[in-house]
Amino acid sequence: MMSTRSLSIFSSRHSWLSFFRLLAFSLITLFLGGYVFILVVDPYDSLPLSIPAARVPVDDQQRFFHPALARKPYFDSAIIGTSNIRLLEPRRLNEVLGGSFVNLGLDAASAYEQSRIFGVFARHHANARTVIFGIDFTWCAKQFFVKFIPPRSAGDFPTWMYDEDSYNDVLPYNGRVLRHAWRQFLHLIGVGSYQFGLDGYTVFTNPMDEYDIAKARRNIYKSEQPLEKAPVDPPVVVAPETIAALEFPAIELLSNMLDQLSDETVKVAFFVPYHYYFQPAPGSFEAVKWNECKRRIAETFKAHDNARMLDFMIHSSITTRDENYWDHKHYTVPVASQLVDLIAMGVLTDEENASFRRW
Amino acid sequence: MLFNSQAFLLLFLPITVALYYLFSRSPRVRICLLICASLVFYGYWDIRFIPLLLGSVVFNWLFASLYRKRDQRRFVILGVALNLLVIGIFKYANFFAENLAFLVDGEFESWNIILPLGISFFTFQQISYLVDLHRGVAPIYPPSRYFLYVTFFPQLIAGPIVRHNEILGQFELDPCRDGAHERLSRGATLLLIGLTKKVVIADRLAEIATPLFDRAANGEILTFAESWLAAGAYSLQLYFDFSGYSDMAIGLALLFGFALPINFNAPYLATSIREFWRRWHMTLSRFLRDYVYVPLGGSRRGRMREAIALQITFLLGGLWHGAAWTFVLWGGLHGIAVVVNHLFARFPVHLPQAIAWLLTMTFVVFGWVLFRADSIATAHAITASMVALNGLSLEVFDQPHRWFVALALIPALVGPTSQRLAFDVLKSRPVWAPLIATCLWILYLRLGDDVYSEFIYFQF
């Protein structure tokens, strides 16, 4: 054991005093300086007393940058969802549907997280023109409140950024916030340039010239070769009372979200086009469950004015073509462009198309 | 509250240290302050733990006082028994009941008992005090001093296991006495070293070891290379995790002007199992030696008795770590190894140092597999792969950072130790101060990215 008395014997009192003073000064300067820097730069455009300047998303961490976008008054339409809708380009949606769209997709977001970003948009756009809800099976999960955060997103869901109290936004002090502040600072002084769209749109997939069908098939089938999704034969027979007893708690949340929109707002339920191999086998209990969930979601939308339900989560020329996908959930940029046109067709006309089903 | 959390580093610690020095002239106030801070620190995890801690301290002190007043041995026996009963209920009840049910072919559904943090540490600490009281080598301390001795937050959760006579006297010393700035500076340095070990090294090693152990636990057969990677990564993770915690505890205590005993001294340089236990978790080894091995006869009653004493000591040491057969078996194997080591030490021929080191480390690493595995079956599966019973494949799947294990070997084997860094290498040259501050700041920022994880030894 190191004796406390012996410590002082070996060293000069004065030099340790200077050392300690310098240590304390450095600690205070760094800790305080770093925090003041964050407050001044305001990386997420959310602080009450920061320098007024045009800030941009400086990273692809949507949970941190999208709340500010959702508040921007120059958007009047939004797309809400997970990574499944992030490739829907607002600029193209503006062209085909009109209005000014912002893409508020959050990677791997739970229904709860989607409801929070929607809440920000809805509070700031009482008379929104169009809102597209990218419906995937997070809405059919039993635990909709579970905040599933992918490991790479490095951080919990920043709930403090999703309320209207900007004073509680000054709390976090960590490497990520400081890194973002530094990038924002570079942007503000005109040095840094960032590729993350001001309308929330970022192509997060690799360039198409790097597309590798063999890799895509491995992602889809866990195999080099395409596999068949055999229907269950004979199909399972599920009693109506069993179906009625199925629980989809997130749908109530969805209903509350729709209630926040005005009657004039066009509300689009866009059931995302999962690759058919990821969809449940026809005739299976899972298929019955998914179908029931879709039905109830459609019912929820139908209870509101100006609602359209376009189901792309079907067996179609889009979902059966491997070349359309990077993996079982994520389609390519050309498919996203095609989807925008199909959504417009589904919203603006009564035309039918084999790629989607109306509910 | 974790040492490696922002709340601790930016709020709890600076406020506690500042108030402590503000009231440094009043022993009563500063001791009360430290007790309150320790209770906040402990209660931060789960407020329900507080009554147990308070009850344990009060009862032990009362038994000690009764023993001193009436000079009746039964108070010490009762006190020790009560401590063992408490730890038995909270830590071992499920284990014993489950095994009993197994023996009588009965069914057993686990009781929902929450294990209070640090119970093994503060219970054993108080047992040692009662025993020392009975031996006549411990006085009755004033209740506030005794309270602080047990609850003092730097050592409360995972040690080092401090003896009363090592620290209680220090409570009376003015923290502003000569050398205060040096103690504060070296304390901060040790805190930084411990944080670095935990955040930069141990947690990254965990990213390698955990998936591999999980795969083995799920019935997957690891390749030869994967099994060694798992064992090696975990051996280093455990060392950096626990020694990092100990460094932080010692550094934190130093900030308040107290010196705690060191807990690790380059254990992976040991060339025998006996030496390993003199370098690894030194305060536990010392506790087991003084309060189990020696009372069992130690080396004074012949070789057979010594072997039995050693075996019992290590079995209990294993069980102390956790209520599972893997720990008992691990302790038992180390007991056998130490007995064999004792026998070999009597021969005039000695192995070359390099071979002795290699043999020792091979045994230790195999032992850690048992220590880490969730069951004996998993441990068996991994060790089978390590001895090439499942082939000699050098393939490793999904481990892009495997090289980090080799990198982590350098500080573990080449050193210098934390003590040497903080007490010998660190001089009062001004250049070090901003460097230490910057590293602390960077680690603090990193902790804010939600990367912190609990220390392994918290579960014990």
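Our subject is the structure that appears above.
Residues numbered from 1 in each chain as written. Chains lettered and ligands numbered in written order. Predicted model: local features only at pLDDT ≥ 70, side-chain atom pairs only at ≥ 80, totals over all residues. Heavy atoms only, no water.

**Side note on the overall build of chain B**
Logical step 1: A tally of regular secondary structure across chain B gives 19 helices and zero strands.
Logical step 2: Along the longest, intermediate and shortest principal axes, the C-alpha atoms of chain B span 70 × 60 × 55 Å.
Logical step 3: Taken over 460 residues, chain B has a buried fraction of 57%.
Logical step 4: Of the contacts formed within chain B by residues at least 6 apart in sequence, a portion of 76% connects residues at least 24 apart. (Helix = DSSP H or I, 4+ residues; strand = E, 2+ residues; numbered from the N terminus. Buried < 20%, exposed > 50% of the residue type's maximum accessible area, 1.4 Å probe, protein only. Contact = heavy atoms within 4.5 Å.)

**Observations concerning the packing of aromatic side chains**
All names here are of chain B.
Logical step 1: Considering all chains together, one arrives at 75 aromatic pairs over all chains under this definition.
Logical step 2: Summarising the aromatic geometry, the rings of phenylalanine 41 and tryptophan 45 are spaced 5.5 Å apart at their centres and angled 85 degrees between planes, so their arrangement reads as edge-to-face.
Logical step 3: Take phenylalanine 41: its relative accessible area is 1%, and that puts it in the buried class.
Logical step 4: Among the residues examined, tryptophan 45 registers a relative accessible area of 23% and is labelled partly exposed.
Logical step 5: Plain terms: the ring middles of phenylalanine 276 and tryptophan 280 are 5.5 Å apart, the flat faces sit at 20 degrees to each other, and that makes the pair stacked.
Logical step 6: A cation over a ring is seen here: arginine 204 above phenylalanine 404, with NZ or CZ 4.8 Å from the ring centre.
Logical step 7: Here the guanidinium or amino end of arginine 372 rests over the ring plane of tyrosine 234, the centre of that ring lying 5.8 Å away. (Phe/Tyr/Trp six-rings, centres within 6.5 Å; stacked < 30°, edge-to-face > 60°. Lys NZ or Arg CZ within 6 Å of the ring centre and 35° of its normal.)

**Brief notes about the sheet that holds strand S5 (residues 307-311) of chain A**
Backbone hydrogen bonds hold the strands of a sheet together, and the pairing may be parallel or antiparallel.
Residue and element names in this part refer to chain A.
Logical step 1: The mixed open sheet is built from six strands, whose spatial order is S2-S1-S3-S4-S5-S6. Edge positions in the open sheet fall to strand S2 (101-103) and strand S6 (357-358), since each of these has one partner strand only.
Logical step 2: Two strands pair when backbone bridges link them, and strand S4 (residues 266-271) and S5 are joined in this way by five bridges, in the parallel orientation. Each bridged residue has a counterpart across the sheet, and for lysine 267 the counterpart in S5 is alanine 307.
Logical step 3: In the packing of helix H5 (residues 111-124) onto the sheet, contacts are made with strand S1 (77-80), S2 and strand S3 (130-135), and the angle to S1 comes to roughly 175 degrees. (Pairing = 2+ DSSP bridges. Axes fitted to C-alpha atoms, helices over the stretch in contact; angles between N-to-C directions.)

**Quick notes on the side chain of serine 355 of chain A**
Logical step 1: Note that serine 355 of chain A resides in the loop between helix H11 (333-348) and S6.
Logical step 2: Beyond its immediate chain neighbours, meaning those up to four positions away, serine 355 of chain A contacts Asp311, Phe312, Ile314, Ser316, Ser317, Ile318 and Leu342 of chain A.

**Looking at the interface of chain B and chain A**
Logical step 1: Facing 40 residues of chain B, the contacting portion of chain A comprises 28 residues.
Logical step 2: Of the roughly 2,900 Å² buried between chain B and chain A, counting both surfaces, carbon and sulfur atoms make up 72%.
Logical step 3: Between chain B and chain A we count zero salt bridges in total.
Logical step 4: At the junction of chain B with chain A, the criterion picks out four residue pairs in polar contact (both at pLDDT 80 or more).
Logical step 5: Only helix H1 (6-22), helix H9 (180-217) and helix H19 (432-451) of chain B provide two or more residues apiece to the side of chain B that touches chain A.
Logical step 6: A per-element tally of the side of chain B that touches chain A places H19 of chain B first, with 13 residues.
Logical step 7: Residues that form the side of chain B that touches chain A fall into these classes: 21 nonpolar, nine polar and 10 charged. (Buried area = accessible area lost by both parts, 1.4 Å probe. Salt bridge = Lys/Arg side-chain N within 4 Å of Asp/Glu carboxyl O. Polar contact = N/O pair within 3.5 Å; in protein donor to acceptor, adjacent residues only side chain to side chain. Nonpolar A, V, L, I, M, F, W, Y, C, P; charged D, E, K, R; others polar.)

**Concerning unusual backbone geometry**
Logical step 1: Put simply, aspartate 233 of chain A and proline 234 of chain A share a cis peptide bond, and its omega is 0 degrees.
Logical step 2: Checked against the element boundaries, proline 234 of chain A lands in the loop between helix H7 (213-221) and helix H8 (240-244).
Logical step 3: Here histidine 281 of chain B, not a glycine, exhibits a phi torsion of approximately 40 degrees, which is positive.

**Quick word on the side chain of aspartate 290 of chain B**
Residue and element names in this part refer to chain B.
Logical step 1: Tracing the backbone shows aspartate 290 in helix H12 (residues 282-293).
Logical step 2: For aspartate 290, a relative accessible area of 13% puts it in the buried group.
Logical step 3: In this structure the side chain of aspartate 290 is engaged in a polar contact, spanning 2.8 Å, whose partner is the side chain of arginine 289.
Logical step 4: Those residues in contact with aspartate 290 that sit more than four places away from it in its chain are Arg135, Arg163 and Pro295.

That is the geometry; function is a separate question.
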